[in-house]
Amino acid sequence: MSIIQDLFPGATIPNVDYGMLQSAIERQLRLESLQPVGTYVAKIIQLFETMLVRHGVMVVGLTLTGKTTCHATLAAALTQLKRDGEESSQYEVAKRHTLNPKSVAMGELYGEVNQVTQEWTDGLVPTLVRMAINDDSDNFNWVCFDGPVDAIWIENMNTVLDDNKMLCLSNGERMKLAKGMHMLFEVNDLSVASPATVSRCGMVFMEAVYIGHAPYIKTWCESYLATKLPDEADRLFALLTKHCSSAIKFVREECREGTESVDANLLIACFRMLEATLKAEHGVNPNKAGVKTMINLWFIFSFVWAFGGNLHEESRAKFDGYVRDSGLIKELDPSFPEAGTVFDYCVSPERGGFVSWASITPTFSYDPEQPYFNILVPTGENTTYNFLLRVLVANNSHVMLVGETGTGKSVMVQGFLKRLPENAGSIQAAFSAQVGSSRCTAITTATPPPHPRHTP
């Protein structure tokens with residue numbers, strides 16, 4: 001707006017009324033149990049405005065800033081408006097075709113000639129473009145490239161993104177994009193994109209500040225707690241609102257993480273830990289006395305491991321001091337042990353309080369039949385991670401173990417997989433920078449996949 005005022009001083013810029021579209025966007029967000037935050041809805045409208053003038057659009061931003069939800073919600077809103085009978089040509093049924101350009105080789109992305117038979121095989125991009133060209137309706141077709149932009153594959157899109165709108169293949173075929181077709185790029189950053197590519201595309205920049213922390217907390221409390229623990233939903237919402245933002249700020253300013261994360265990662269980790277522990281098998285039974293006390297204990301436990309589980313050893317000592325000084329423990333469990341750190345204790349439903357991991361570590365029995373490198377001596381440390389693995393996998397949550405080489409990650413996971421019940425299956429695969437998409441296909445099709453609810 002400042003640029004326009006500089007170019008046209010004194011000019012009054014009229015506001016475009018997107019009332020109908022805005023209402024449709026907010027309705028779609030509510031249908032997905034998401035919060036219609038005003039700043040985020042404005043970002044979706046900005047994407048719509050950009051797509052009106054550009055057929056190549058890049059949605060740029062870190063993970064969990066709402067990039068996918070942004071264009072998915074816009075597509076759903078445009079589709080619903082069309083089905084509701086709106087006559088505007090700007091509102092049509094929008095179909096999204098998503099692919100990851102970095103997950104396949106160049107030949108699989110754009111097509112290649114078989115060197116033996118000299119036959120041409122279409123790649124993913126020409127296949128999707130051909131599908132859109134053959135669509136005789138007025139539908140919008142968006143090809144969404146959900147993956148990093150680099151000079152290896154994006155330079156082949158230059159003729160597609162400029163006014164020619166022409167996809168040129170290495171077999172000499174030229175494909176003109178259909179009228180309602182858009183190339184949508186969902187990327188983390190543009191650090192290696194060339195100026196030629198950037199100048200051809202419209203840009204929509206997403207930041208976590210447009211969403212904030214409160215909508216995540218509110219959505220989780222409305223979607224999960226309202227059905228599982230309705231009597232405690234308001235209290236837990238207040239606790240999360242009071243303590244989560246300050247914990248994230250402390251971690252960002254004072255601590256060092258094992259692997260890089262964003263703020264929403266830590267919030268979601270806290271939600272997953274609470275979902276995994278606030279269950280009857282862990283002493284949280286709404287129909288029994290003392291349920292409030294058990295919720296308090298598991299809240300402290302989940303808070304500690306969600307915000308502090310990814311920290312380096314020296315940062316854990318700082319986080320221990322923060323948790324003890326923040327008032328969380330004093331508010332929920334004044335009897336929390338003073339010795340050690342907050343990471344040294346777990347909840348005992350039988351005792352109704354915290355006990356040390358060392359006190360519940362199983363005894364070690366040597367098995368001479370076991371290979372040496374498969375032997376894992378139980379300690380308080382690996383007892384901790386085995387428990388976290390068990391409760392999170394039982395809750396169908398994804399788990400990532402991060403650590404330096406030789407710290408026992410593989411042995412711990414393999415031991416955990418061996419103890420899974422018979423109705424659970426596992427597939428183990430080693431990946432490196434040299435593993436291609438064909439190798440990944442061979443891995444995933446070698447063993448029949450187990451039931452999705454039992455796949456760690």
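This text follows the structure it describes.
Presented here is an overview of the structure given in this document. (Residues numbered from 1 in each chain as written. Predicted model: local features only at pLDDT ≥ 70, side-chain atom pairs only at ≥ 80, totals over all residues. Heavy atoms only, no water.)

Things to note about the overall build of the chain
Line of reasoning, step 1. Check the secondary structure of the chain and you find 18 helices and 11 strands.
Line of reasoning, step 2. Seen through its C-alpha atoms, the chain measures out along the principal axes to roughly 70 × 65 × 40 Å.
Line of reasoning, step 3. The burial tally for the chain puts 41% of its 456 residues in the buried class. (Helix = DSSP H or I, 4+ residues; strand = E, 2+ residues; numbered from the N terminus. Buried < 20%, exposed > 50% of the residue type's maximum accessible area, 1.4 Å probe, protein only.)

Quick notes on the sheet that holds strand 1 (residues 56-60)
Strands pair in a sheet through their backbones, by hydrogen bonds, and they do so in one of two ways: parallel or antiparallel.
Line of reasoning, step 1. With parallel pairing, the five strands of this open sheet are ordered in space as 2-5-8-1-9. Each having just a single partner strand, strand 2 (94-99) and strand 9 (202-205) make up the two edges of the open sheet. Mean inter-strand twist for the sheet, computed between neighbouring axes without regard to direction, equals 20 degrees.
Line of reasoning, step 2. Examined bridge by bridge, strand 1 and strand 9 share four bridges and lie parallel to one another. (Pairing = 2+ DSSP bridges. Axes fitted to C-alpha atoms, helices over the stretch in contact; angles between N-to-C directions.)

Quick notes on the layout of surface pockets
Line of reasoning, step 1. Reported here for the largest pocket is a volume of approximately 1500 Å³.
Line of reasoning, step 2. Around the largest pocket sit 40 residues that line it, and Gly309, Asn310, Met400, Leu401 and Val402 are the ones nearest its centre.
Line of reasoning, step 3. Those elements that place two or more of their residues in the lining of the largest pocket are helix 12 (263-277), helix 13 (291-308), helix 14 (313-325), helix 16 (380-394) and helix 17 (409-418). (1 Å grid on protein atoms, 1.4 Å probe; cavity = no way out; pocket = protein on both sides within 12 Å on 5 of 7 lines; lining within 4 Å. Points joined across faces, edges and corners; volume = space filled by probe spheres on them.)

Here's the deal with the packing of helix 13 against helix 16
Line of reasoning, step 1. Here helix 13 crosses helix 16 at 105 degrees, and the two axes come no closer than 13 Å. It follows from the interaxial angle that helix 13 and helix 16 lie roughly perpendicular. Only Thr384, Tyr385, Phe387 and Leu388 of helix 16 make contact with helix 13, whose side of the interface consists of Trp298, Phe301 and Trp305.
Line of reasoning, step 2. Residue composition of the contact of helix 13 with helix 16, grouped by class: six nonpolar, one polar and no charged. (Parallel < 35°, antiparallel > 145°, perpendicular 65-115°, else oblique. Contact = heavy atoms within 4.5 Å. Nonpolar A, V, L, I, M, F, W, Y, C, P; charged D, E, K, R; others polar.)

Quick notes on the pattern of salt bridges
Note that side chains of opposite charge can pair when their charged atoms are close.
Line of reasoning, step 1. Tallied over the full model, the rule gives 13 salt bridges.
Line of reasoning, step 2. We note a salt bridge from lysine 242 to glutamate 331, for which the minimum N-O separation is 3.4 Å. A residue pair is termed long-range when its members are at least 10 positions apart, and lysine 242 in helix 11 (residues 233-254) and glutamate 331 in helix 15 (residues 328-332) qualify at 89 residues.
Line of reasoning, step 3. Assessed through its relative accessible area of 39%, glutamate 331 is described here as partly exposed.
Line of reasoning, step 4. When the shortest N-O distance is used, the salt bridge between glutamate 314 and arginine 256 registers 2.7 Å. With a gap of 58 residues between them, glutamate 314 in helix 14 and arginine 256 in the loop between helix 11 and helix 12 connect regions that are remote in the sequence.
Line of reasoning, step 5. Three or more residues are tied together by salt bridges with common partners; here these are Asp122, Arg130 and Glu173. (Salt bridge = Lys/Arg side-chain N within 4 Å of Asp/Glu carboxyl O.)

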